[in-house]
Amino acid sequence: MLFASFTPAASQEALPNAHTNRPPAVPQICGPYEKEAAAAADVHRTISGDCGMNQALFATHRPYTFEPYEPELLQVYGTCCPLPAGDILLQEKTAAVRECPDGYVATGAEGMAEVPDANKPKHLTCSKINTARYQLGPSTPGIYWGFGHTHWQKPVRILFEEIPAALRYAVGVRAYGYWNERGCIGFPFGSMLVAKNGFECHQTYYRELQYRGLPGDPPAGTPVPMLPDCDELSDLHTPHPACIKYPAPGRQGAS
């Protein structure tokens with residue numbers, strides 16, 4: 001029998017920064033719900049505007065229509081996830097109809113009403129990162145996860161189960177207890193949305209958060225740990241699931 005260990009997200013090991021007062025990176029679980037179902041009707045992570053404080057877009061849902069194709073008019077339904085440190089985002093924001101400026105990441109979107117004005121540009125809300133401490137990696141195309149009518153045509157596609165457990169259940173949730181069968185996600189996992197240049201997943205773009213290499217931080221270009229290493233989550237119907245780690249076969253706790 002395997003015995004799982006339960007670890008709250010906030011207690012995940014943080015990278016030390018003993019020589020400064022800068023906050024360490026504490027990887028955060030991005031579960032499917034932000035609120036208790038009994039407290040609010042809109043409990044899941046699919047946004048209807050801007051993300052919450054200290055959150056950014058890690059994934060997007062596939063649009064329900066194939067039109068319009070113009071990037072400026074495309075709606076974004078996205079998944080907001082918590083960031084691992086409180087000094088990553090600055091207060092400076094701007095709007096972009098296609099691509100966030102360099103040094104900015106998407107932290108929201110507009111025009112996500114059920115029946116939007118098809119001819120109105122749909123903006124991304126872009127927030128500036130703290131470039132004194134962090135940098136963004138190269139822009140990489142989003143990848144398609146799941147199954148759809150044309151999934152076999154996608155240049156890169158993965159299974160839902162291949163998404164890390166700490167992020168997996170947030171990326172496709174549409175309502176309480178209901179998940180989509182497909183969507184788009186940034187890679188490396190935990191990368192943040194920066195552009196919507198077309199309808200397809202590979203026409204959305206993401207950038208990885210990295211350290212700039214200040215004293216006390218890891219070397220420049222080191223990825224900031226965004227997600228804890230979980231094998232599973234303890235409860236998919238709570239806004240605060242615990243991280244489950246299964247022991248490796250042959251180690252103490254396994255039989």
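For every chain, the first residue of the written sequence is number 1, and numbering continues from 1 along that sequence. This being a predicted model, a pLDDT of at least 70 is required before a residue's local features are given, and a value of 80 or more before pairs of side-chain atoms are given or counted; all residues contribute to the totals for chains, interfaces and linings. For side-chain calculations, the full set of non-hydrogen atoms in the structure is used, while hydrogens and water are omitted.

1. Comments concerning the state of the cysteines
Consideration 1: Sulfur atoms of two cysteines make up a disulfide when they are within 2.5 Å. According to the stated counting rule, one finds five disulfides in the structure shown.
Consideration 2: Across the disulfide from Cys100 sits Cys126; the S-S distance is 2.1 Å. Handedness of the Cys100-Cys126 disulfide follows from its S-S torsion of about -80 degrees: it is left-handed. Of the two residues, Cys100 sits in the loop between strand S4 (89–96) and strand S5 (104–109) while Cys126 sits in strand S6 (residues 124–129), which places them 26 residues apart along the sequence. Where helices and strands are cited, they refer to DSSP runs of H or I of at least four residues and of E of at least two residues respectively, numbered from the N terminus.

2. Notes on unusual backbone geometry
Consideration 1: The omega angle of the peptide bond from Phe187 to Pro188 is 0 degrees, so this bond is cis rather than trans.
Consideration 2: In this fold, Pro188 is placed in the loop between strand S13 (182–185) and strand S14 (192–196).
Consideration 3: Within the chain, Asn54 stands out as a residue other than glycine whose phi angle is a positive 60 degrees.

3. Re the pattern of salt bridges
Consideration 1: The salt bridge definition used is simple: a Lys or Arg side-chain nitrogen within 4 Å of an Asp or Glu carboxyl oxygen. Counted under the stated rule, the structure contains eight salt bridges.
Consideration 2: Put simply, Arg168 and Glu232 hold a salt bridge, and the shortest N to O gap is 3.8 Å. With a gap of 64 residues between them, Arg168 in helix H1 (residues 165–168) and Glu232 in strand S17 (residues 232–233) connect regions that are remote in the sequence.
Consideration 3: According to the relative accessible area criterion, Arg168 is buried, its value standing at 11%.
Consideration 4: The network of salt bridges with shared partners includes Arg22, Asp87, Arg133 and Asp217. Think of it in three bands: with a 1.4 Å probe and only protein chains considered, a residue is buried below 20% of the maximum accessible area for its type, exposed above 50%, and partly exposed in between.

4. A look at the sheet that holds S4
Consideration 1: Strand order in the open sheet formed by three strands is S4-S6-S5, and the pairing between neighbours is antiparallel. Each edge of the sheet is formed by a strand with only one pairing partner; in this case those strands are S4 and S5. Sheet twist, expressed as the average angle between the axes of neighbouring strands with direction ignored, equals 35 degrees.
Consideration 2: Both S4 and S6 contribute to a ladder of five bridges, which runs antiparallel. Paired with Ala95 across the strands is Thr125, a residue of S6. Only strands that DSSP links by at least two bridges are regarded as paired with each other. Simply put, an axis is a line fit to the C-alpha atoms, just over the touching stretch for a helix, and the angle between two N-to-C directions goes from 0 to 180 degrees.

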